[in-house]
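# Secondary and tertiary structure notes
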Amino acid sequence: MNSVLSVSTKVEIAASPAAVRAVFMDFARYTQWQPGWNIQLIDSTKSPLELATGDRLKVSMNGNMHHPVVVENSPNSFQWEGSLFGLAKGVHQFHFKPSETTPGATTFVQGEDFRGLLITLSSPWWNGKKFDMSPWDRFNSDLKNEVEKRGESN
């Protein structure tokens, strides 16, 4: 049995996907618009836009430190994979999609697919339980506010 726990949250942002991605990928300025997250590149010779599959990151999400590996960096998606002692793995995803409800806007989706032995063994516990999305919702809201404050539309 190979269980996967998928969770996601989204927000509509009044700017283009490229504008949202530009603010999101500017890791160095995170402290200027949100208090809880910090993303650092292990290879300081690259910019966030140059990250490729296999590049390592140092990520603090509200005090929880991770050392994930980039699995995708495209105009539509930024994803990394992390592991908890090999017992559980997760692919954290950020998607920049053209809004289906507001022309010219973006649907920003943040999610994670968890899998591994720990997820499989705990599946009876999390089946039907609600994942606490509030830290991700706060990040999404802060991103929305920063993008819309900047007024960047391209």
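You'll find the structure just up there.
Residues numbered from 1 in each chain as written. Predicted model: local features only at pLDDT ≥ 70, side-chain atom pairs only at ≥ 80, totals over all residues. Heavy atoms only, no water.

### As for the sheet that holds strand E3 (residues 57-61)
Spatially, E2-E3-E4 is the arrangement adopted by the 3 strands of the open sheet, whose pairing is antiparallel. Either end of the sheet is taken by a strand with one partner, and the two such strands are strand E2 (37-41) and strand E4 (64-66). Neighbour to neighbour, the strand axes of the sheet diverge by 10 degrees on average, direction disregarded. With 5 bridges connecting them, E2 and E3 associate as antiparallel partners. The residue bridging tryptophan 37 from the neighbouring strand is methionine 61, located in E3. (Pairing = 2+ DSSP bridges. Helix = DSSP H or I, 4+ residues; strand = E, 2+ residues; numbered from the N terminus. Axes fitted to C-alpha atoms, helices over the stretch in contact; angles between N-to-C directions.)

### As for the environment of phenylalanine 139
By secondary structure assignment, the location of phenylalanine 139 is in helix H4 (residues 134-150). You can call phenylalanine 139 buried: its relative accessible area is 1%. Between the C-alpha atom of phenylalanine 139 and that of tryptophan 33, which follows or precedes it by 106 residues, the distance is 9.6 Å. The residues touching phenylalanine 139, leaving out its near neighbours within four places in the chain, are Phe24, Tyr30, Trp33, Gln34, Trp37, Phe108 and Gln110. (Buried < 20%, exposed > 50% of the residue type's maximum accessible area, 1.4 Å probe, protein only. Contact = heavy atoms within 4.5 Å.)

### Some words on the environment of tryptophan 136
Here tryptophan 136 shows up in helix H4. Note: C-alpha distance between tryptophan 136 and threonine 9 (127 residues apart in sequence) is 7.3 Å.

### Overview of the packing of aromatic side chains
Counted by the stated rule, this structure contains 19 aromatic pairs. When the ring of phenylalanine 27 is compared with that of tyrosine 30, the centres are 5.7 Å apart and the planes differ by 90 degrees; the resulting orientation is edge-to-face. For phenylalanine 27, a relative accessible area of 5% translates into the label buried. Note on tyrosine 30: relative accessible area 1%, which makes it buried. With centroids separated by 5.6 Å and ring planes inclined at 55 degrees, the aromatic side chains of tryptophan 33 and phenylalanine 139 adopt a geometry described as tilted. A residue pair is termed long-range when its members are at least 10 positions apart, and tryptophan 33 in helix H2 (residues 30-33) and phenylalanine 139 in helix H4 qualify at 106 residues. Residue tryptophan 33 shares its accessibility class with phenylalanine 139, and that shared class is buried. (Phe/Tyr/Trp six-rings, centres within 6.5 Å; stacked < 30°, edge-to-face > 60°.)

### Some points on the pairing of strand E6 (residues 77-84)
Bridge count between strand E5 (residues 69-74) and E6: 5 bridges; the pairing is antiparallel. Each residue of the ladder has a partner; that of valine 69, found in E6, is glutamate 81.

### Structural notes on H4
For H4, built from 17 residues, the straight-helix expectation of 24 Å at 1.5 Å per residue is met to within 8% by its first-to-last C-alpha distance of 24 Å. Within the span of H4, buried status applies to Trp136, Phe139, Asn140, Leu143, Glu146 and Val147. Considered in projection along H4, the buried side chains sweep an arc of 130 degrees and stay on one side of the axis. Following H4 by one or two positions, glycine 151 has its phi on the positive side, about 70 degrees. (Expected span 1.5 Å × (residues − 1). Arc of directions from axis to C-beta.)

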